[in-house]
Every structure is written in structure tokens, then in C-alpha cells.
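A structural walkthrough
Spelled out, the chains give:
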Amino acid sequence: RTCVDSLLYLACWTRPDIAFAVSELSRFVSAPAAAHGKALKHLLRYLKGTMDLGVVYSKTGGGAGQINLLTAAVDADWAGDADTRKSTTGYVILLNGAAISWKSKRQSVIALSSAEAEYVAASTLVQEIVYCRKLLAALGFPQPAATPVCEDNASAISWSEGAVGGSDRAKHIDLREHYVHGAVAEGVLKLVKVPSEDNLA
């Protein structure tokens, strides 16, 4: 338990690359099995071998000569938890190419398709992007264009652009998730298709 608590600190502040692993391990701290101890040791060995890695912040790095450009990536597995069949959301928000906000968290609902899992993940990300954009504007760095968000699911991108209406497959999605469509319509963000292997989230 003490070791996982320490790893939670790292995952929250300096090592976004271990966020998912620490999230999974933290679910079993009250009743760990041998497999969880083995996974914990594996993670510690990974950290020892990558002690020179970290988040590097710089004045530039937004691409195309732009400074203080906000970008993001979002992803979700589908029914990844074998016990509950719930999916896991993962996202990262970058400023000048360096991570400033990230999350790996089990979704509260059971997604009926991979597209729905991705859309639920995107709705979680939208809330954080809205906050980051307001904070940057207050600091004197307004974001003139919609924040580009890397997404690897074509259906989720279509839904964000308004293709949900009338679709029998999407009628069951809660209104909260349609927050993504509203954010796209308002120019807050735009989901951009990327191959799964290139999705930073």
C-alpha cells in the first residue's frame, strides 16, 4: 500500500507514462494477490530503468512556430475490465508539446461499443480542455483556434461533428456525452483522426 501511494504521487505529478499501471494497481491495495506484487515489482524495475525520463517544458514546441499552443490526445479501451466490463479512459493535454494534464480512469458506465467508450472518454477530456483554455486565457495566452485532439475512432469523430442524431446505435448515449458535440460546434476543440499506434494517449 505504501509503495502504491508513492507511485500515485509520481503518476500524478511527473510520470504520465505510469498513470494506467498505477491506476490498476491501486484497485488491489486492500487485498493484493501474488500477481499484483509481481506487477508492482515490474513497474518499479521500469522506473529504475527510465529514471532519466520526465516531462520537459519549453517556451516553444507547439509546432508551426506557435507558442503556447494547447493540443491533446484521448483514447479508451473497450470493456477492458474483465470483472465489470467497464472501459478505461486515458487522455493527455499538452502545452508546447509537454504534458500539463493527464488521466487514466475507469469509466462509470458500461459502453456498448468501442465508439461509445471513446466518446465517453472524449467528454471527460472536454471538461479539462475547457478549464485549461480558460486558465491560459486568464494568464494572457488565449487559444485562438479550436484545440486539436488526436482520436483514433472514426465513429466517435463523426458523432462529435453531429452524426449522432437519428442513429439507432447512438440513441442510448447519455446527454452528458453530447457535451463533446457542443464543444466541437462552439470551436473549443476538434477531434482529429490519427492511427492507434500514433495516439499519444
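Provided above is the structure to which this section pertains.
Fair warning: this is a prediction, and the values are worked out from it, not measured in the lab. (Residues numbered from 1 in each chain as written. Predicted model: local features only at pLDDT ≥ 70, side-chain atom pairs only at ≥ 80, totals over all residues. Heavy atoms only, no water.)

1. Some details on the overall build of the protein
Counting secondary structure elements, the protein contains six helices and five strands. The order of helices and strands in the protein, counted from the N terminus, is α-α-α-β-β-β-α-β-α-α-β. Burial statistics for the protein: of 201 residues in total, 40% are counted as buried. In the protein, once contacts between residues fewer than 6 apart in sequence are set aside, the share between residues at least 24 apart is 68%. Accessible area for the protein stands at about 11200 Å²; split by element, carbon and sulfur atoms hold 60% of it. (Helix = DSSP H or I, 4+ residues; strand = E, 2+ residues; numbered from the N terminus. Buried < 20%, exposed > 50% of the residue type's maximum accessible area, 1.4 Å probe, protein only. Contact = heavy atoms within 4.5 Å. Areas by Shrake-Rupley, 256 points an atom, 1.4 Å probe, with all protein chains shown as cover.)

2. A few points about unusual backbone geometry
In most cases, non-glycine residues show a negative phi, while peptide bonds are predominantly trans. Of note in the backbone geometry, Asn68 takes a positive phi value of approximately 60° without being a glycine. The topology assignment puts Asn68 in the loop between helix 3 (34-49) and strand 1 (70-76). Non-glycine residue Arg85 carries a positive phi angle of around 60°. On the secondary structure map, Arg85 appears in the loop between strand 1 and strand 2 (88-95).

3. Some points on a nonpolar patch on the surface
A cluster of nonpolar side chains, Tyr131, Leu135, Leu139 and Phe141, forms an exposed patch at the surface whose accessible area comes to about 410 Å². Along the chain, Tyr131 falls in helix 4 (residues 114-138). (Patch = residues over 30% accessible without salt bridge, like charges linked within 9 Å, V, L, I, M, F, W, Y side chains within 5 Å. Salt bridge = Lys/Arg side-chain N within 4 Å of Asp/Glu carboxyl O.)

4. Describing the pairing of strand 3 (residues 98-106)
Alignment of strand 2 against strand 3, held across eight bridges, turns out to be antiparallel. From the neighbouring strand, Tyr91 faces strand 3, where its bridge partner is Lys103. Between strand 2 and strand 3, which pair antiparallel and follow one another directly, the connecting turn spans two residues, one of which, Asn96, has a positive phi of 55°. (Pairing = 2+ DSSP bridges.)

5. Quick word on the packing of helix 1 (residues 2-13) against helix 2 (residues 19-26)
Where helix 1 contacts helix 2, the axes come no closer than 9 Å and their chain directions differ by 150°. Classed by the angle they form, the pair helix 1 and helix 2 counts as roughly antiparallel. Along this stretch, helix 1 crosses helix 2, giving a crossing that reads as left-handed. Contacts between helix 1 and helix 2 pair Val4, Leu7, Leu8 and Ala11 from the former with Ala19, Val22, Leu25 and Ser26 from the latter. (Axes fitted to C-alpha atoms, helices over the stretch in contact; angles between N-to-C directions. Parallel < 35°, antiparallel > 145°, perpendicular 65-115°, else oblique. Left-handed = near helix turned anticlockwise from the far one by under 90°.)

6. Some details on the nonpolar core
Counting 29 residues, the largest nonpolar core has Ile93, Leu125, Ile129, Val149 and Leu189 as its most contacted members. The dominant element in this core, judged by the number of residues it contributes, is helix 4, at 11 residues. Once residues within four sequence positions are removed from consideration, Val149 is found in contact with Ala72, Ala73, Val74, Leu125, Ile129, Leu189, Lys190, Leu191 and Val192. Within the second largest apolar cluster, nine residues are counted, among which are Val4, Ala11, Leu25 and Leu43. (Core = buried A, V, L, I, M, F, W, Y, C linked by side-chain atoms within 4.5 Å.)

7. Description of helix 2
Considered for burial, the residues of helix 2 that qualify are Ala19, Val22, Ser23 and Leu25. One face of helix 2 carries all of its buried residues, which in axial projection span an arc of 165°. Residues of helix 2 that are buried in the fold lie against helix 1, helix 3 and strand 3. (Arc of directions from axis to C-beta.)

8. So, the pattern of salt bridges
Tallying each qualifying case throughout the model produces six salt bridges. One salt bridge in this structure joins Arg27 and Asp81, with 3.0 Å as the shortest N-O distance. One end of the pair, Arg27, is in the loop between helix 2 and helix 3; the other, Asp81, is in the loop between strand 1 and strand 2, and 54 residues separate them in sequence. Lys190 serves as the salt-bridge partner of Glu161, at 3.6 Å between the closest nitrogen and oxygen. One end of the pair, Glu161, is in helix 5 (residues 154-163); the other, Lys190, is in strand 5 (residues 189-193), with 29 residues separating them in the sequence. Through salt bridges with shared partners, a single network forms among Glu24, Arg27, Asp81 and Arg106.

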